[in-house]
Amino acid sequence: MNYETIICEKKDHVAIIYFNRPEKLNAYNDVLMNELFQYLNEIQYDYDVRCVIITGTGNKAFCSGADIGLEAQSNPHQMRQFALITGACHKKIESFRTPVIMAINGYCLGGGNELILEADYRIASAKAKFGLPEVKLGMVASVSATQKLPKLVGKGQAGRLMYTGENISAEEMDNYLNKKSGVLGISGVSSDFRDLEKASVLGNKRASIALDIFIYKV
């Protein structure tokens, strides 16, 4: 099936999902969230799929969060529907039957930063930037950051990101995550993101097999 805002492919036993709105730094809108949910449902019981990798198209951004332009133009009912499908995608990723890996190839901001908290494993380019800029817009990171980010990086560092809205480097985020969550933090910040070597999750509670090697090409 052809999608408007995501690109989906399978390589061996790996399903790869690309956020495909590079002109918007891969910001997600309601269409993208609905398509993501639909595709995850499609492969939920495809037992040839042993791992899911989510990344972004282009060379600038993984996901810059929710499309602010859409939010500004939406009425309360539309915003509620947007919130519901976004929450459903978070839950789907968190509970997916196979390991889900986020391949973070650039800016990972706002809702994009919240989305990676649901993954089993994260791999980041050295050029990736992480942040929760909602506070600069008079908003709050409202999907999962207030609950899950403190558990993953600690209350102090989570507060720093949420209260200041500043961006931090992949190396800094790697240090935060690995101090708290070990193997489930960012693993292998790569200076050459064309080669994400063995994307394997050893000992993950959802993994019953070793994952195949995934080569990310830019």
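Whatever comes next refers back to the structure up there.
(A) Summary view of the sheet that holds strand β2 (residues 14-19). If you walk across this open sheet you meet the five strands as β1-β2-β3-β5-β7, and the pairing is mixed. Because the sheet does not close on itself, it has two edges, and the strands there are β1 (6-11) and β7 (121-124). Across this sheet, the average inter-strand angle for adjacent strands is 20°, counted without regard to direction. As judged from the six bridges shared by β2 and strand β3 (residues 51-56), these two strands associate in the parallel manner. By the bridge assignment for β3, Ala15 is matched with Val52.

(B) Molecular detail of the sheet that holds strand β9 (residues 167-169). Here four strands make up an open sheet; going across it, the order is β4-β6-β8-β9 and the pairing mixed. Only two strands of the sheet have a single partner each, and these edge strands are β4 (61-63) and β9. If you compare each strand with its neighbour and ignore which way they point, the axes differ by 25° on average.

(C) Quick peek at the pairing of β3. Most of β3 sits inside the fold, with six of its six residues counted as buried. Burial along β3 is two-sided: Cys51, Ile53 and Thr55 and Val52, Ile54 and Gly56, pointing in opposite directions, are all buried.

(D) Inspection of a nonpolar patch on the surface at higher detail. A grouping of Ile68, Leu137 and Met139 is seen on the molecular surface, where their side chains present a nonpolar patch of about 270 Å² in accessible area. As for its placement among the helices and strands, Ile68 is situated in helix α2 (residues 68-73). Residue Ile68 is classed as partly exposed on the basis of its relative accessible area of 43%.

(E) Quick peek at the packing of helix α5 (residues 145-153) against helix α6 (residues 155-164). Interhelical geometry of α5 versus α6 gives an angle of 135° and a closest axis separation of 7 Å. With respect to their mutual orientation, α5 and α6 come out oblique. Between α5 and α6 lies a crossing of right-handed hand. Of the residues in α6, those touching α5 at Ala145, Thr146, Leu149, Pro150 and Val153 are Lys155, Gln157, Ala158, Leu161 and Met162. For the contact of α5 with α6, the residue count by class is seven nonpolar, two polar and one charged.

About the cut-offs
- Residues numbered from 1 in each chain as written.
- Predicted model: local features only at pLDDT ≥ 70, side-chain atom pairs only at ≥ 80, totals over all residues.
- Heavy atoms only, no water.
- Pairing = 2+ DSSP bridges.
- Helix = DSSP H or I, 4+ residues; strand = E, 2+ residues; numbered from the N terminus.
- Axes fitted to C-alpha atoms, helices over the stretch in contact; angles between N-to-C directions.
- Buried < 20%, exposed > 50% of the residue type's maximum accessible area, 1.4 Å probe, protein only.
- Patch = residues over 30% accessible without salt bridge, like charges linked within 9 Å, V, L, I, M, F, W, Y side chains within 5 Å.
- Areas by Shrake-Rupley, 256 points an atom, 1.4 Å probe, with all protein chains shown as cover.
- Salt bridge = Lys/Arg side-chain N within 4 Å of Asp/Glu carboxyl O.
- Parallel < 35°, antiparallel > 145°, perpendicular 65-115°, else oblique.
- Left-handed = near helix turned anticlockwise from the far one by under 90°.
- Contact = heavy atoms within 4.5 Å.
- Nonpolar A, V, L, I, M, F, W, Y, C, P; charged D, E, K, R; others polar.

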